[in-house]
Amino acid sequence: MEKGPFSVEWLAQSSRGGAQPIAAARRPRSPPGDSGGQESPADLGDPGHEAEAGGGAAPGRPRTKFSAAQLQELERSFREQRYIGAGEKRRLAAALNLSQSQIKTWFQNRRMKFKRQTQDAR
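The chain carries the name VEX1 protein in an unreviewed UniProt entry, which gives Oceanites oceanicus as its organism.

Asker: Help me understand the overall build of the chain in this model?
Answerer: What the chain contains, in helices and strands, is five helices and zero strands. Starting at the N terminus, the α and β elements of the chain follow one another as α-α-α-α-α. Buried residues in the chain amount to 16% of all 122 residues. For the chain, long-range pairs separated by at least 24 residues make up 38% of all intrachain contacts whose partners lie at least 6 apart in sequence. Total accessible area on the chain stands at roughly 9,900 Å², and carbon and sulfur atoms take up 52% of it.

Asker: Quick question: what am I supposed to make of the pattern of salt bridges here?
Answerer: Between side chains of opposite charge, pairing is possible as soon as their charged atoms come close. Tallied over the entire structure, the rule returns five salt bridges. In this structure, the salt-bridge partner of arginine 110 is glutamate 75, at a minimum N-O distance of 3.0 Å. Taken together, the residues arginine 110 in helix α5 (residues 100-121) and glutamate 75 in helix α3 (residues 68-80) connect sequence positions 35 residues apart. Residue class for arginine 110 comes out buried when judged on its relative accessible area of 13%. Looking at glutamate 75, the relative accessible area reads 22%, which means it is partly exposed. One salt bridge in this structure joins arginine 76 and glutamate 80, with 2.4 Å as the shortest N-O distance. Of this pair, arginine 76 and glutamate 80 both sit in helix α3, four residues apart, which is roughly one turn of the helix.

Asker: Before we go on, may I ask you to explain the nonpolar core in this structure?
Answerer: Within soluble globular proteins, side chains that are nonpolar tend to cluster in buried spots. Judged by nonpolar contacts, Leu74, Phe78, Leu92, Ala93, Leu96, Leu98, Ile103, Trp106 and Phe107 together constitute the single largest core of nine residues. Looking at this core, the elements with two or more residues in it are α3, α4 (86-96) and α5. Filtering out sequence-adjacent residues up to four positions away, leucine 98 remains in contact with Thr64, Phe66, Gln70, Ala93 and Ile103.

Asker: Sorry if this is basic, but what is going on with the packing of α4 against α5 here?
Answerer: Angle between the axes and distance between the axes are the two parameters that describe a pair of packed helices. Across the interface, α4 lies against α5 with an axial gap of 8 Å and an inter-helix angle of 110°. Relative to α5, α4 is oriented roughly perpendicular. In terms of crossing hand, the pair formed by α4 and α5 is right-handed. Residues Lys89, Arg90, Leu92, Ala93 and Leu96 of α4 pack against Gln100, Ile103, Lys104 and Phe107 of α5. Class assignment for the residues of the contact of α4 with α5 results in five nonpolar, one polar and three charged.

Asker: Help me understand α5, please; the structure alone is not making it clear to me.
Answerer: The periodicity of an α-helix, 3.6 residues per turn, causes residues three or four positions apart to be oriented the same way. Over its 22 residues, α5 extends 32 Å from the first C-alpha to the last, a length consistent with the 32 Å expected when each residue adds 1.5 Å. Residues of α5 that are buried include every one of Gln102, Ile103, Trp106, Phe107 and Arg110, and no others. Mapping the buried residues of α5 onto a view down its axis gives an arc of 130°, with all of them on the same face. Where the residues of α5 are buried, they touch α3 and α4.

Thresholds, definitions, all that
Residues numbered from 1 in each chain as written. Predicted model: local features only at pLDDT ≥ 70, side-chain atom pairs only at ≥ 80, totals over all residues. Heavy atoms only, no water. Helix = DSSP H or I, 4+ residues; strand = E, 2+ residues; numbered from the N terminus. Buried < 20%, exposed > 50% of the residue type's maximum accessible area, 1.4 Å probe, protein only. Contact = heavy atoms within 4.5 Å. Areas by Shrake-Rupley, 256 points an atom, 1.4 Å probe, with all protein chains shown as cover. Salt bridge = Lys/Arg side-chain N within 4 Å of Asp/Glu carboxyl O. Core = buried A, V, L, I, M, F, W, Y, C linked by side-chain atoms within 4.5 Å. Axes fitted to C-alpha atoms, helices over the stretch in contact; angles between N-to-C directions. Parallel < 35°, antiparallel > 145°, perpendicular 65-115°, else oblique. Left-handed = near helix turned anticlockwise from the far one by under 90°. Nonpolar A, V, L, I, M, F, W, Y, C, P; charged D, E, K, R; others polar. Expected span 1.5 Å × (residues − 1). Arc of directions from axis to C-beta.

Structure representation (structure tokens):
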């Protein structure tokens with residue numbers, strides 16, 4: 001059955017915001033490795049960000065390689081308090097030249113590492 005402008009499938013998609021204009025629906029998609037001539041942040045040599053070796057990672061931001069100084073400051077802050085507040089997150093982000101979401105994610109990952117370590121010690 002064709003997905004015309006009044007079919008059940010089309011109406012279901014449009015109510016979820018998933019309807020595409022007909023021209024966009026028929027446009028061929030570029031292959032996964034083709035960025036259409038645009039450079040990704042990894043191609044621009046963004047310092048502090050390198051793609052992880054290997055394939056399997058989800059598309060998106062490349063893995064952040066934290067410097068020793070950044071890790072030292074993050075670990076010091078984690079020892080003082082496992083959950084970071086908004087003000088401390090802003091301060092660390094500015095001091096370490098990282099985004100607030102990178103700080104938040106690092107703390108989430110570090111809490112999980114801490115949890116695994118304490119469970120393994122039992």
